[in-house]
Amino acid sequence: MTTTLEKLYAQINQSYLSNEPELIDELLAYLQDYDALAIHQQAHALVTTIRAKKDRQTLVEAFLHEYQLNSEEGIVLMSIAEALLRIPDSHTQDIFLQEKLATADWHQHLLHSDSLLVNCATQALAITAKIEQQLSPEAVSKQVLPQLASRLGWPVIRTAIKQAMQQLAYQFVIAETIESALAQAARQAHYRYSFDMLGEAAITANDAERYLNAYAQAIKVLASHINGSELYANPSISIKLSALCPRYEPAQHQQAVQQITGKLLYLAKKARTANISVTIDAEESERLDMSLQIFNNVLSDPALKGWPGLGLAVQAYQKRAINILHWLIALAKAEQCTIPVRLVKGAYWDSEIKRAQVNGLDDYPVFTHKTATDLSYLACAKLMLAHPESLYPQFATHNAHSVAAILTLGKQHP
């Protein structure tokens, strides 16, 4: 006999490549009493208030305002800032900078910002790009242009750019170790933190073992910084399952699920003892089925019976998102616990679309329009807020309308 949980799980897989217009109609049904005008007005008020503080913005805020992510230059700067944290040697950093800085049009941003320092930085980027574009392989090998660049003050420019990009990166990655991250967090104690180890996917078994030990050590360190008995008020940790197994892929489904289940259970037990929660980070769509099975295996283990500390990130841009939540609600009831859910929009859209095309799929596992993703996010948020006995809702978004919507929906479901 098929159980309710099994039926709900089957619906998740059945919606993998759902027809987008039909799914949009289904999601709209969740928002029949949605007061879009009132929420839009609240979002407008939020944005207006933030912009009114423009005279008090930091240098980094001014920089981000000028180089937004809807511009090629903004994307280049974000990729530089993120990558510099991972490149260990100066020589490789220089090569990376040479490639990236020469590809964007910095001149269109000259004297465009209200910040003098941002305008100076833009001028430096424009000069740097011009130098980089002239650094042909022949010139580099003859050491002709590097000498010229040196006379122009190139080492000073490059050092300044590296430092600026590192400052930019630290707006998104606050520290390189869990200890220094906690020190940074202590300066703003009114926030709650979930720490992400930023582990890349494990390539070898040694990588996976190193990441496992790093997570265990992080949990140990966090245990010494808990704020009290309230689980969700304490700092938490996010875990990428791909960091725990070098073959976390559908072709190795059975083996990967078995290996990662054991490792995640080991970490979850440590987290429960430390009274901190764990969130399983979302990854590519082809790994979702494995992730849900691993999550189910660990949540249902007798050692974690009733523990409300094992959570999951759900990507709203996946067509399966709303069905995942229905399954999680039923799972929480079956296991007699609360499941923390972090609702995000998703970070792998380009690669998801490309892989679907390369694999010749009939449709896409993610929504192809941003408006559909926003709709999915709002429908998921409303469903989560309507089931506080089963889900502990957490929301991640940069969208002012989404923030206003959550504030409004939250009042309806206190």
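What you are looking at is a predicted structure, and each value in this text was computed from that prediction instead of being measured.

K.L.:
Just give me the short version of the packing of helix α13 (residues 253–274) against helix α14 (residues 288–299), but keep the residues and values in it.
P.N.:
Where α13 contacts α14, the two axes come as close as 9 Å, and the packing angle between them is 45°. In terms of orientation, α13 and α14 fall into the oblique class. Of the two possible hands of crossing, α13 and α14 adopt the one that is right-handed. Listed contacts from α14 to H253, A256, V257, I260, T261, L264, L265 and A268 of α13 are D289, M290, Q293, I294, N297 and V298. Taken together, the residues of the contact of α13 with α14 sort by class into 9 nonpolar, 4 polar and 1 charged.

K.L.:
Give me the lowdown on the side chain of S291, citing residues and values where you can.
P.N.:
Considering the arrangement of structural elements, one finds S291 in helix α14. Dropping the residues within four chain positions of it, S291 is found in contact with L241 and Y248.

K.L.:
Would you mind going over unusual backbone geometry in detail, with residue names and values included?
P.N.:
With a phi close to 65°, N275 is a non-glycine residue in the positive phi region. Looking at where N275 falls in the secondary structure, it is placed in the loop between α13 and β3 (278–280). The backbone of Q336 shows a phi angle near 55°, a positive value even though the residue is not glycine. Here Q336 lies in the loop between α15 (321–335) and β5 (339–344). Classification of Q336 by relative accessible area gives exposed; the value is 62%.

K.L.:
Account for the environment of I24, with residues named and values stated.
P.N.:
With respect to the element layout, I24 can be found in helix α2 (residues 20–28). Setting aside anything within four residues of it in sequence, one finds I24 in contact with A372 and L375.

K.L.:
So what's going on with the pattern of salt bridges? Residues and values would help.
P.N.:
This structure, assessed with the given rule, holds 12 salt bridges. The residue D207 makes a salt bridge to R210 at a minimum N-O spacing of 3.2 Å. One end of the pair is D207 and the other is R210, both in helix α12 (residues 205–223) and 3 residues apart, which spans about a single turn. Here D207 falls in the buried class, since its relative accessible area comes to 16%. Through salt bridges with shared partners, a single ionic network connects E283, E284 and R287.

K.L.:
Quick one: what's the story with the side chain of S285, residue by residue and with numbers?
P.N.:
Mapped onto the elements, S285 comes out in the loop between β3 and α14. At a separation of 2.6 Å, a polar atom in the side chain of S285 contacts the side chain of E352. Contacts of S285, omitting those with residues within four sequence positions, involve Y16, Q318, R320, E352, R355 and P365.

K.L.:
Describe the nonpolar core, listing the residues and the values that go with them.
P.N.:
As a rule of thumb, soluble globular proteins bury nonpolar side chains together. Counting 87 residues, the largest nonpolar core has F295, V314, L325, L328 and I339 as its most contacted members. Element by element, the count of residues in this core is highest for α15, at 10 residues. Here V314 is in contact with A321, I324, L325, L328, V341, R342, L343 and V344, once residues within four sequence places are set aside.

K.L.:
Describe the sheet that holds strand β2 (residues 236–239), with residues and values.
P.N.:
Across the sheet, 6 strands lie side by side as β1-β2-β3-β4-β5-β6; this open sheet has parallel pairing. Two strands lie at the open edges of the sheet, namely β1 (194–196) and β6 (391–395), each paired on one side alone. In this sheet, adjacent strand axes meet at a mean angle of 30° when their direction is disregarded. By the bridge criterion, 5 bridges tie β5 to β6 in an arrangement that is parallel. By the bridge assignment, L343 is partnered in β6 with F395.

K.L.:
How would you summarise empty space enclosed by the protein if you had to cite specific residues and measurements?
P.N.:
Using a probe with the size of a water molecule, rolled over the atoms, empty space left in the structure can be pinpointed. Inspection of the entire model under this criterion finds 1 cavity of 30 Å³ or more. Considered as a void within the structure, the largest cavity measures approximately 160 Å³ in volume. A282, E283, L288, A313 and Q315 are the residues nearest the centre of the largest cavity, which is lined by 16 residues in total. Elements supplying a minimum of two residues to the lining of the largest cavity: α14, β4 (310–315) and α15. In terms of residue count, the dominant contributor to the lining of the largest cavity is β4 (4 residues). Here the residues of the lining of the largest cavity sort into 8 nonpolar, 4 polar and 4 charged.

Scoring rules and cut-offs
- Residues numbered from 1 in each chain as written.
- Predicted model: local features only at pLDDT ≥ 70, side-chain atom pairs only at ≥ 80, totals over all residues.
- Heavy atoms only, no water.
- Axes fitted to C-alpha atoms, helices over the stretch in contact; angles between N-to-C directions.
- Helix = DSSP H or I, 4+ residues; strand = E, 2+ residues; numbered from the N terminus.
- Parallel < 35°, antiparallel > 145°, perpendicular 65-115°, else oblique.
- Left-handed = near helix turned anticlockwise from the far one by under 90°.
- Contact = heavy atoms within 4.5 Å.
- Nonpolar A, V, L, I, M, F, W, Y, C, P; charged D, E, K, R; others polar.
- Buried < 20%, exposed > 50% of the residue type's maximum accessible area, 1.4 Å probe, protein only.
- Salt bridge = Lys/Arg side-chain N within 4 Å of Asp/Glu carboxyl O.
- Polar contact = N/O pair within 3.5 Å; in protein donor to acceptor, adjacent residues only side chain to side chain.
- Core = buried A, V, L, I, M, F, W, Y, C linked by side-chain atoms within 4.5 Å.
- Pairing = 2+ DSSP bridges.
- 1 Å grid on protein atoms, 1.4 Å probe; cavity = no way out; pocket = protein on both sides within 12 Å on 5 of 7 lines; lining within 4 Å.
- Points joined across faces, edges and corners; volume = space filled by probe spheres on them.

Nothing here speaks to function; it is geometry throughout.
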